[in-house]
Amino acid sequence: MARNLQSRRSFIKTGIAGSVALAAGGFPAMASQPSSSEAGRTAICTQGDLGVRIYSDKVKEPVKLMLISDTHLWMSDSREDPFREYSNRMSKAYNHTKHFQTLEETHPEEAFRKTLEIARKVAPDAIFHLGDLVSFPSEAGVEWAREQLDATGIPWYYVCGNHDWHYEGMEGTEIELRNEWTAKRLSTLFKGRNPLLYSVDVKGLKVVMLDDSVYEILPEQLSLFREEMKEDKPSLMMSHIPLYAPGFPVSYGCGHPDWNADTDRNYKIERRQRWPAGGHSETTFDFWKEVICSHKEHNLLATFAGHVHAQSSSLVDDWPQFTLKANLTGAYRIVEVLPIP
Ligand SMILES: [Fe+2]
Ligand SMILES: [Fe+2]
């Protein structure tokens, strides 16, 4: 199934050829193209450092999205005092950062504020934050971020990252801690939506927000995903942890065959439950296979993730995945989804 290098080459060629021909006003004829009348036709090209354009004949009107991930805000106030033993390490993790373009000194708060200034100028139809908004479930951090996002006047949506709900050293499984601290500290970011999986419609484009911040997919999430995909709409999916793609390390960990106790190098530092000896659940693998094998029938045009703090793109059996540089350096991505001219 996996043909990473070969696919990447053909992906790059198709993307470039597609973008050139489209600029001239049409979709390129590809006589050897397999029948795609049901799945529709797509072309993807990147725009400079930050842009991704996705053309699809399923899309009726242009949609522009701003994607942000891994801001890692670390501010706190006296409400955090009873929890300092659990947040101490991460509260110091990203205090000083360098801007991804200018290399000037910055920090997560400034990087986020400036990113939202750019959002006001770019005027996307919606902003999506893909998690690790905060480095620990800081009430002060969450409140500040929410105020900043609301002040843009642009609709915004959020999905959990593995640090957003994690107090290091606190007793409990990853799933228990996620449930507890998402409910206690992050619920205002979801505005009543299901934090585990929800979707929004942006001008006819469905965007599925999936919480895979424990690396695993729960049976409930797989069912919800299948329900969402029944709707005949062009879709994108966003999650915090990238899905496995051949050639990438276990940080691309949702569905990674090497994800298990032996490859978990950080559980002691992060003072959390070690990844299971047997690796992923069947449900997680079923989910991965469903995305890779059925993305065309599902009209799932691409998936996006954060967590790895690096920009990457990959193609596995025509399923494109993009990851984002961390916003703690000021980085973001603009994704345009466009009809084929
Ligand atoms: Fe992160
Ligand atoms: Fe993360």
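Below is a short write-up of the structure. (Residues numbered from 1 in each chain as written. Chains lettered and ligands numbered in written order. Predicted model: local features only at pLDDT ≥ 70, side-chain atom pairs only at ≥ 80, totals over all residues.)

1. As for the pairing of strand β11 (residues 300-305)
Thinking step 1. Within β11, six of the six residues are buried, leaving the element largely enclosed by the surrounding structure.
Thinking step 2. Two elements, strand β10 (residues 235-239) and β11, share five bridges in a ladder whose sense is parallel. Considered in β11, the bridge of M237 is made with T303.
Thinking step 3. Note that the unit made of β10, helix α7 (residues 282-294) and β11 has a crossover that is right-handed.
Thinking step 4. Two strands pair when backbone bridges link them, and β11 and strand β13 (residues 319-323) are joined in this way by three bridges, in the parallel orientation. Residue pairing in the sheet places F304 in a bridge with F322 of β13. (Buried ≥ 20, exposed ≤ 12 C-beta atoms within 10 Å, placed from the backbone. Helix = DSSP H or I, 4+ residues; strand = E, 2+ residues; numbered from the N terminus. Pairing = 2+ DSSP bridges. Right-handed = clockwise from strand over helix to strand, strands pointing away.)

2. Comments concerning the sheet that holds β11
Thinking step 1. Taken in spatial order, the six strands of this open sheet run β8-β9-β10-β11-β13-β12, and their pairing is mixed. The open sheet has two edge strands with one neighbour each: β8 (197-202) and β12 (312-316). Recorded for the sheet is a direction-independent mean angle of 20° between the axes of neighbouring strands.
Thinking step 2. Two elements, β8 and strand β9 (residues 205-210), share six bridges in a ladder whose sense is antiparallel. Among the inter-strand pairings, Y198 is bridged to a residue of β9, identified as M209. (Axes fitted to C-alpha atoms, helices over the stretch in contact; angles between N-to-C directions.)

3. Observations concerning the packing of helix α6 (residues 219-230) against α7
Thinking step 1. Their axes nearest at 9 Å, the elements α6 and α7 cross at an angle of 20°. The orientation of α6 with respect to α7, classified from their angle, is roughly parallel. Judged by the twist between their axes, the crossing of α6 over α7 is left-handed. Of the residues in α7, those touching α6 at P219, L222 and F225 are T283, D286 and F287. (Parallel < 35°, antiparallel > 145°, perpendicular 65-115°, else oblique. Left-handed = near helix turned anticlockwise from the far one by under 90°. Contact = placed C-beta atoms within 7 Å.)

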